[in-house]
Amino acid sequence: MKPLIRYLNTIWQITRKDIQVEWRGRQGVPVMLVFALLVVFLFNFALQLSPELQAGLASGLLWVSLAFASTLGLNRSVSLERENNAMDGLLLAPVDRSAIFFGKSISNFAFTCLVAIILLPVFSLFYQQNMLSLPLIGIILLGVAAYTSLGTLLAALSIQTRTRDVLLPVLLYPLALPILIAAVESSRGVLSGQAFADLQSWVYLLVACVVLFNAAGLMFFETILEE
Amino acid sequence: MSKKPTLLLLFDVLSLILIPAALILILFFTPVERVMGPVQKVFYFHVSAAWAGMLGFIFAGVAGAGYLITRRQTWDWLSLSAIEVGLVFGLIAILSGMIWAQPIWNTWWVWDPRLTTTAIMELIYLAYFILRSGLDTPEARARLGAVYAIVSVGTVPLTFFSIRLFRTIHPVVITTGGEGGAFNMSPRMLLAFFISLAVFTLLLADLVWHRYRLAELQTQNKQEA
Amino acid sequence: MENQAASHALQIAVRGLVKRYHYHPVLNQLTLDIEHGAFCILVGSNGAGKTTLLRILASLSRADEGRIWIGGMLLGTSPLLRKRIGYISHHTMFYQDLTAIENLRHYARLYALQDIDEKIQAGIQSTGLTRAQHQPVRTFSRGMQQRLSIARALLHDPDILLFDEPYTGLDQEAAQSLDQKLNALHQAGRTILLAAHRPQRLISIASHVAWLNDGKIIQHIPTSRLADIPDLYHYLQEAA
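Residues numbered from 1 in each chain as written. Chains lettered and ligands numbered in written order. Predicted model: local features only at pLDDT ≥ 70, side-chain atom pairs only at ≥ 80, totals over all residues. Heavy atoms only, no water.

J.: So what exactly am I meant to see when it comes to the interface of chain C and chain B here?
T.: Note: interface size is frequently given as the accessible area lost on complex formation between the parts. Taken together, the contact between chain C and chain B spans 5 residues of the former and 8 residues of the latter. Summed over both sides, the interface between chain C and chain B buries roughly 630 Å², with carbon and sulfur atoms accounting for 52% of that surface. Ranking the residues of chain C by area buried against chain B places H22(C), Y23(C) and R62(C) at the top, with a combined share of 88%. Joining chain C to chain B, the criterion identifies 2 residue pairs in polar contact (both at pLDDT 80 or more). (Contact = heavy atoms within 4.5 Å. Buried area = accessible area lost by both parts, 1.4 Å probe. Polar contact = N/O pair within 3.5 Å; in protein donor to acceptor, adjacent residues only side chain to side chain.)

Laid out in C-alpha cells, this is it:
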C-alpha cells in the first residue's frame, strides 16, 4: 500500500472504530445532546431570554451550548482510549502517530456536528427563527472543526494529568476564545441577513483556526503521547 | 552551589538604578498631557509592563521549542520562568490600566479588546501552572508544558485579531489625533516612553534569569538531598 | 561498540540505552542482544525498569539516549518497523463495548492486513473463544481477555513478541494454558522477550535469562548454564 493511502486508511479506521463504539454503547452523543439542551434551558431562565430572541443572542446561545457539550464528547473520546490502555494499541499501529490525532479529531467533529444538527431545529422552534440555513451550517462545520481539533489536542494533554478530565475546560476555553468569537459573530451575521462581504473576516479567521490547530496536532500529537 | 554570574549582578544594579531614573524622568521631565492630566503618566509603565509580559510569553514559546528539540532541562526552566514573570507583568499591566481607566473612561473595567486579550492571556498562562502541577515527573511537566506554551503563544495573535474586529475604545498608541484617550506624543513623551520600554525589558531579563537560577538551585538541592 | 554488521545477525540489539525519570536514569547504558528464535526471560525486582525497556522496544516510549536495532533496522527510522513487533501486557488494549471479533478486526485494519476474516477466525480458534466471539469483551474473564490479547498481538504475524508480566491476574488454569502457548510460539521460531517478576515456571521452556539490575543487564545466559551463576540462581529462588 502507498504510504499516503496507508495513512488515510489508518485515520479512517480510528474514526470508524470510534463511531462503532459510540453506536454500541451510545454513551457520548445522547449525553452531549441532553447537556446542550440543559444549557439552553438554564441560560433561558438565567438571562430571561424572550422567544423573540435577537440574532446575536441566539447564535451566542447556540455556540455556548455546543462548546460545553463538545467538551463532554472530547473527554469521553480520550478516556475511551485510556481504558485498558487502548491508546497503546493505536500507538503500535505502523503509521505516523499524527494519524491518531486526525482519526480522533474527525470522530469528535462528527459527534459534535450530530448534536448541532439536532439542536438547530430545536432552536428554530424555541426562538421562532429559521436556523436551518446553508450558510449557517457551513459556519457550524468550520467552527466545530476548529474547536474539536484544538479540543482533541488538549484532551490528550489533560488526560495525562492527575486531575484528568477536570482540567480540559480550563485549558480549552481560553484558547478556544478566537474560535468562539468568530463563530458567534459570523453566525449572528448570517442570522440577521448580512452579506458575505461583511462577514468574510470572521470566516477567514475560522479557516485560520482550523489550519493552525490541525497543524499543531500534526506536529505535536506524537510528542504529547510519548512517555 | 553555583556562584551568581557577574552579568546577572550587573543586570540587578542596572535595574535598581534605571527604574527610579525612569520614574523621575516620567514624573518631572515629561509634560502633563493637556486633556487627561497627570493620570496619563500611568501610560509609560502600563504599556511597558504589557510589552514585557508579551515578550515573556513569546520567549516562553521559543524556549518550549528549544526544550522539545534538545530535551535539555535548562530550556524548560527558561520557559517556566518566562511564563511566571510574564504573568506578573501582565497583572501589572491590567491593574495599572484600571487605575488609568477609572478617571478617563469612568469605570474600572471595560470589555475592550486589549483588556480582554490580556485578561484571557493571564487565564491561559494560569492554566499552564495547573497543567504542570497535575503531572508527576519533571520530564512530563517539561514536555507537555512546552507543547502548551507553543500552542498558547500561537493563539495569541488570533485572540487579539478576533477581539480587535469588535470596535475598540482602547487608545491606539503612537497615532495622530483621536478620541477616547488617544493623544499625540511630544518628543519628550516619546523619549520617556522608549526608555521605559527598554528598562522594563531589562527588568524582564533580570527577573527571568533570577527565576531560572532558582529552578536550577532547587533541582541541585533535590539531587543533593 | 556499535557494530552494525553484528547487529544484523541479531533480532534485537540494544546499545547504550538510557531512560531517565525525574532526571535519574532508570535504564543506564543498557546493552542487550537477542538472537533469532530465542525465548529470553527478563527478570529483575519491581521498578528495575523491565516495563520501561519493553515499552521502548515496542516504541511506545522514547529512549533518552542509545540505539536499538530490530532485525538490523534502526528503531525510530520508520513506523513500518512496528509491524515486526507484537506487544502483550497485562493491559488488554481492548474496547469493552466491542465484541471479540470487532476488536480483532479493528486491530487487523490498523495493520492494513489482507484476508482479515480468515486471520481473525484463525486467531479466535487458537484461543478457544469461538463460542464467545460475538460477545462484548466486557463479559470476558481475565484469562479469556489475556488469550484474546495474544491473538491480537499475533494477527499481523510479527517475528518478535514482547510480553510484559502476562501472568498478572491469571488463575492456575489460564496460567498453564499461557505456558503451553508460549512454548508453542517458541517452537514455531518466534523471538520472545518476556518480563516476569516471578519467572520460576518459565525456566524449563525458555532458552535464556537476562537479569536487569540497576539499569543494566548484569547477566544474560542460556537457561542451561543457570547453575554456573549462583547469584542469579539464588535470586530466582528468592523471587519464587
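More follows now that the structure is in view.
J.: Sorry, what's going on with the packing of helix α2 (residues 42-70) of chain B against helix α3 (residues 73-105) of chain B here?
T.: Describing two packed helices takes the angle between their axes plus the distance from one axis to the other. Residue and element names in this part refer to chain B. The geometry of α2 relative to α3 is characterised by a closest axis approach of 7 Å and an angle of 160° between their N-to-C directions. What the angle tells us is that α2 and α3 run roughly antiparallel. The two elements α2 and α3 cross, and the hand of that crossing is left-handed. Class assignment for the residues of the contact of α2 with α3 results in 19 nonpolar, 12 polar and 1 charged. (Axes fitted to C-alpha atoms, helices over the stretch in contact; angles between N-to-C directions. Helix = DSSP H or I, 4+ residues; strand = E, 2+ residues; numbered from the N terminus. Parallel < 35°, antiparallel > 145°, perpendicular 65-115°, else oblique. Left-handed = near helix turned anticlockwise from the far one by under 90°. Nonpolar A, V, L, I, M, F, W, Y, C, P; charged D, E, K, R; others polar.)

J.: Quick question: what am I supposed to make of the pattern of salt bridges here?
T.: Side chains that differ in charge, positive against negative, can pair when their charged atoms come close. Residues and elements named next belong to chain A. On inspection of all chains with the given rule, the structure shows 23 salt bridges over all chains. Notably, a salt bridge pairs E222 with R97, separated by 3.0 Å at the nearest N-O pair. Residue E222 is found in helix α9 (residues 196-225), and its partner R97 is found in the loop between α4 (86-92) and α5 (98-126); the two are separated by 125 residues along the sequence. According to the relative accessible area criterion, E222 is partly exposed, its value standing at 33%. (Salt bridge = Lys/Arg side-chain N within 4 Å of Asp/Glu carboxyl O. Buried < 20%, exposed > 50% of the residue type's maximum accessible area, 1.4 Å probe, protein only.)

J.: Even after reading the chapter, I still don't get the nonpolar core, so can you show me in this structure?
T.: Nonpolar side chains tend toward joint burial in soluble globular proteins. Membership of the largest hydrophobic core comes to 167 residues, with the highest contact counts inside it found for W63(A), Y148(B) and L162(C). Apart from the residues lying within four places of it in its own chain, the contact partners of Y148(B) are L154(A), L157(A), L171(A), L175(A), I124(B), A127(B), Y128(B) and L131(B). Of all hydrophobic cores here, the second largest spans 32 residues; its members include L178(C), I229(C), L232(C) and L236(C). (Core = buried A, V, L, I, M, F, W, Y, C linked by side-chain atoms within 4.5 Å.)

J.: Looking at this structure, how should I read the sheet that holds strand β4 (residues 65-70) of chain C?
T.: All names here are of chain C. Ordered in space as β2-β1-β4-β5, the 4 strands form an open sheet in which the pairing is antiparallel. Each edge of the open sheet is held by one strand with a lone partner, namely β2 (24-35) and β5 (73-74). Each of β1 (10-21), β2 and β4 is contacted by helix α2 (residues 50-57), which is oriented at about 120° to β1, the strand it contacts most. (Pairing = 2+ DSSP bridges.)

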